[in-house]
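The chain contents come next:
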Amino acid sequence: MNWIHPLTPETDESPALLGGKGHGLVALRRLGLPVPPGFVIGTHACRAYLRDGRLPEGLDAELVIAVQGLEAATGRRFGAAQRPLVVSVRSGAAVSMPGMMSTVLNLGLTTEATGGLAAETGNPAFVQEARQRFLTSFAAAFRETTDDAQAATRPSGMAASDDAMDQLRAAVCAVFASWHTPRATTYRELHDIPHESGTAVIVQAMVFGNRDEHSGTGVAFSRDPNTGEKTPFGDVLFGRQGEDVVSGRSTTRPLSELAGREPAVWGDLLAALHRIEQHYRDACHVEFTFEAGCLWLLQVRPGGFTGRAAIRVAVDLADEQLIDRRTALRRISPQHLRNAHTPRMRAGDGLDVLARGRGACPGVAAGRIAVTADRAARMAADGPVILVRPYTSPLDMHGLAAATGIVTSRGGPTSHAAVVARAMGKPGVVDATALTVDVAAECVRAGERVVAEGTVVTIDGTSGEIVIGNLGTATVTVDSHLNRLLDWADEISGNRSQRPDQERLIAAHARL
Amino acid sequence: MTGSDESLALHALRCIGFAELSRVADAAGLPEAEAESQLIDLAVAGLVTRTPSEFGGWGLTEAGRVEDARRITGELDATGARDAVAAAYEKFMVLNPELLDLCSAWHLRTVDGVVASNDHSDRAYDARVLERFVDLDQRAEAVCADLAAALPRFRRYRTRLAAALDRAQSGALEELVDSTTSYHIVWFQLHEDLLATLGIPRQ
């Protein structure tokens, strides 16, 4: 095979060819961890497609063979009425470009296969939902590339094809073409990613988080990305597929709830996280799905922790003798030190966490909850206000201006609300999906809990935490992990004089 | 219809939220005196109010919001522009995530794998972000042209977006994302206008 590489332990190609995601999946297979069977179409095929406007010679024949291999591995048939094979088609460039390129899920659900899967699972509602998701993601993949220069060359009429192989070819083209969407181009410009490298495409047998009550999906960090503490951290969504989080149709639960609801999955996940940490010698992050009580890993990413969390992880890993002290020092840049000095919420036991979103603008703010912009503007005369909205519109601008901090239950770190929070320099938390804003009842709800307007909360625009009460802020003055790391730095530089943290680190780096 | 003369000021308020006279006039594309006269008529009709406070200004009442929706829907049906506006909205929504990426890149940047606030000390980086704004604006211009062809009141957005970008290119970099007249704020209002015009709830 020239263009296609199976996701098996034997595959030995570089991340430049397999893409970061594909390379990580091969690593997981080598560790003996559960990865849905699949194959990677290399970035060189993407480059050929973008250059010539069509799939390269020989790829089609390889695609047929690769699908046959997948059929053999799963005991299923692509597009068949009996035990149909259903696949996901995802992008995966050498350098991660999250959300910039197309993904097609549940591909292969032709009319016949849909009927077959419904009969097999005895759950027609689940299969109809899967089919709908396929049609939606397939259409979106094409829409995104419509205004693009590649549009003229993409296969036409495929959106309506009811042939599984035709669907697959079309989806591969759509993912390749999505490399050149203006948004992806802009992303590369801003992040110094070469325009000519192209993306790999990963085709895998689908695992369904919406299959039954013992299914679901989530993300897990091997350690807490806010503190670096050695506790698994993340979100889980029971009975749903991952895209439901993005669309805001479902609410995630803290990862730890998996322990009680699916102890076997939880046990397997903890073991996998441990195994992955040992391999990468770093904290890591995985995306996972469990289907009918069975765990599958869909992506792995080592590292990525920042600030205080990165410092703690580096020091702890050295203590655990997974890395040496020099490696620990090498992993911490002056930027991590600067980040570590961002004001954070005072930590401690017994914090009454109302909800957790994503940090949109760093900083800590405390104030009384207001649930409309008008009330925020009025209440601000009597002291600090935290404006809590589902999302923001220009009609909320006067409330945003009056508020000390901003929370939204929807939207992400690049929503209008997040942009406005940063423009105004106000601590902001977005995507706090557990919260519902009830304007009529003048309150905020989190599950069973009802918090009235006027209640004092503290928000942390770094970690995304929303905590009841006024907690005050803590800038790190005494941080034992930081102090130990800097002691190691002084040992290496041989300079123990009093000077700023950054100078101590830089002096050590110069000698590493 | 209770005289549609002051519809421009009413709808401007619907899209920009509480604002001082100068901003209402700018959004509506009216001389200030004319905008003020419209606002006073609207206030007499109970459709807008003026709140004198630090975060106040002119704002819509609930009745004003209902009346604006009625007039906007009427305009859309009378002109037969619904399909054209809906098609332009689709194109706008392709550009919207890219614009928000750019605004985020203006405030935040990844250095050594750490997302840090952009302290604007690296002029080359800022120039790169500005260049991408200009590139996106060229594509936005086509969407604005479609909208203006469908409903003339949308013409104002092209003028305001181009003016914000001009100011930024002349060195007033806060006109990209940070000021109340910035490219992002005008874009945000255009987004609101499209949702209001088509009667789509914000997601």
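These numbers come from a predicted model, not from an experiment.

Our focus in this paragraph is the environment of I311 of chain A. All names here are of chain A. Inspection of the secondary structure puts I311 in helix α11 (residues 307-319). Spatially, the C-alpha atoms of I311 and S197 are 33 Å apart, while their sequence positions differ by 114 residues. Filtering out sequence-adjacent residues up to four positions away, I311 remains in contact with I332, H336, L337, A340, H481, L482 and L485.

Attention shifts here to the sheet that holds strand β21 (residues 443-446) of chain A. All names here are of chain A. Strand order in the open sheet formed by 3 strands is β20-β21-β22, and the pairing between neighbours is antiparallel. Each edge of the open sheet is held by one strand with a lone partner, namely β20 (435-438) and β22 (449-452). Between one strand and the next, the sheet's axes are offset by a mean angle of 25°, whatever the strand orientation. Of the strand pairs in this sheet, β20 and β21 are connected by 4 bridges, and their pairing is antiparallel.

Bringing helix α3 (residues 32-44) of chain B into the picture now. Residues and elements named next belong to chain B. Counted at 1.5 Å a residue, the expected span for α3 with its 13 residues is 18 Å, and the 18 Å between its end C-alpha atoms agrees. Those residues of α3 that sit buried are A35, Q38, L39 and L42. The arc that holds every buried residue of α3, seen down its axis, measures 100°, which confines them to one face. Away from its buried face, by an angle of more than 90 degrees, α3 presents the exposed residues A33 and V44. Where α3 is buried, its residues touch α1 (7-16), α2 (21-28), β1 (48-51) and β2 (57-60). Immediately downstream of α3, the backbone of G46 shows phi near 80°, a positive value.

Taken together, the contact pairs 36 residues of chain A with 43 residues of chain B. Three residues stand out in chain A for area buried against chain B, namely L190, P394 and H416 of chain A, and they jointly supply 20% of the buried area on that side. Among the salt bridges present, the one from D192 of chain A reaches R128 of chain B, with a minimum N-O distance of 2.8 Å. Those elements that provide at least two residues to the side of chain A that touches chain B are α7 (182-191), α13 (334-340), α14 (373-379), α15 (397-402) and α16 (416-424) of chain A. Among the elements that line the side of chain A that touches chain B, the one with the most residues is α7 of chain A, at 7 residues. Each residue belonging to the side of chain A that touches chain B can be placed in one class, and the counts come to 15 nonpolar, 14 polar and 7 charged.

What follows deals with the environment of A150 of chain B. All names here are of chain B. Mapping A150 onto the fold places it in helix α6 (residues 123-150). The buried category is assigned to A150, whose relative accessible area is 16%. Separated by 71 residues in the primary sequence, A150 and T79 place their C-alpha atoms 8.2 Å from one another. Among residues more than four places away in sequence, those in contact with A150 are A81, A84 and V85.

It is worth spelling out the packing of aromatic side chains at this point. All names here are of chain B. Using the criterion set out here, one finds 12 aromatic pairs over all chains in the structure. Their ring planes at 25° and their centres at 6.2 Å tell us that Y183 and W187 sit as a pair that is stacked. Pair noted here: Y183 and W187 are both in helix α9 (residues 183-198), with a separation of 4 residues, about one helical turn. For Y183, a relative accessible area of 0% puts it in the buried group. Residue W187 is classed as buried on the basis of its relative accessible area of 1%. Here the aromatic residues F92, F133, Y183 and W187 are joined through ring pairs into a cluster of three or more. A cation over a ring is seen here: R153 above F154, with NZ or CZ 4.7 Å from the ring centre.

Below, the discussion takes up the domain arrangement of chain A. Segmentation of chain A into domains returns domain 1 (4-205), domain 2 (216-302), domain 3 (307-341 + 477-509) and domain 4 (344-474). On a C-alpha basis, the centres of domain 1 of chain A and domain 3 of chain A stand 42 Å from each other.

Right, let's get into the pattern of salt bridges. Residues and elements named next belong to chain A. Here the structure, examined in full by the defined rule, presents 46 salt bridges over all chains. Between E291 and R211 there is a salt bridge whose closest N-O contact spans 3.2 Å. Of this pair, E291 sits in strand β11 (residues 284-291) while R211 sits in the loop between β7 (199-205) and β8 (216-221); the two residues are 80 residues apart in sequence, bridging distant segments of the chain. The class for E291 is buried, based on a relative accessible area of 17%. Judged by relative accessible area, which is 23%, R211 ranks as partly exposed. Among the ionic pairs, E453 bridges to R375, the shortest N-O distance being 2.6 Å. With E453 in the loop between β22 and β23 (456-460) and R375 in helix α14, this residue pair connects regions lying 78 residues apart in the sequence. Each member of the pair, E453 together with R375, is buried. A network of salt bridges, in which partner residues are shared, links R223, K230, E277 and E320.

About the thresholds
- Residues numbered from 1 in each chain as written.
- Chains lettered and ligands numbered in written order.
- Predicted model: local features only at pLDDT ≥ 70, side-chain atom pairs only at ≥ 80, totals over all residues.
- Heavy atoms only, no water.
- Helix = DSSP H or I, 4+ residues; strand = E, 2+ residues; numbered from the N terminus.
- Contact = heavy atoms within 4.5 Å.
- Pairing = 2+ DSSP bridges.
- Axes fitted to C-alpha atoms, helices over the stretch in contact; angles between N-to-C directions.
- Expected span 1.5 Å × (residues − 1).
- Buried < 20%, exposed > 50% of the residue type's maximum accessible area, 1.4 Å probe, protein only.
- Arc of directions from axis to C-beta.
- Buried area = accessible area lost by both parts, 1.4 Å probe.
- Salt bridge = Lys/Arg side-chain N within 4 Å of Asp/Glu carboxyl O.
- Nonpolar A, V, L, I, M, F, W, Y, C, P; charged D, E, K, R; others polar.
- Phe/Tyr/Trp six-rings, centres within 6.5 Å; stacked < 30°, edge-to-face > 60°.
- Lys NZ or Arg CZ within 6 Å of the ring centre and 35° of its normal.
- Domains from an automatic or database assignment.

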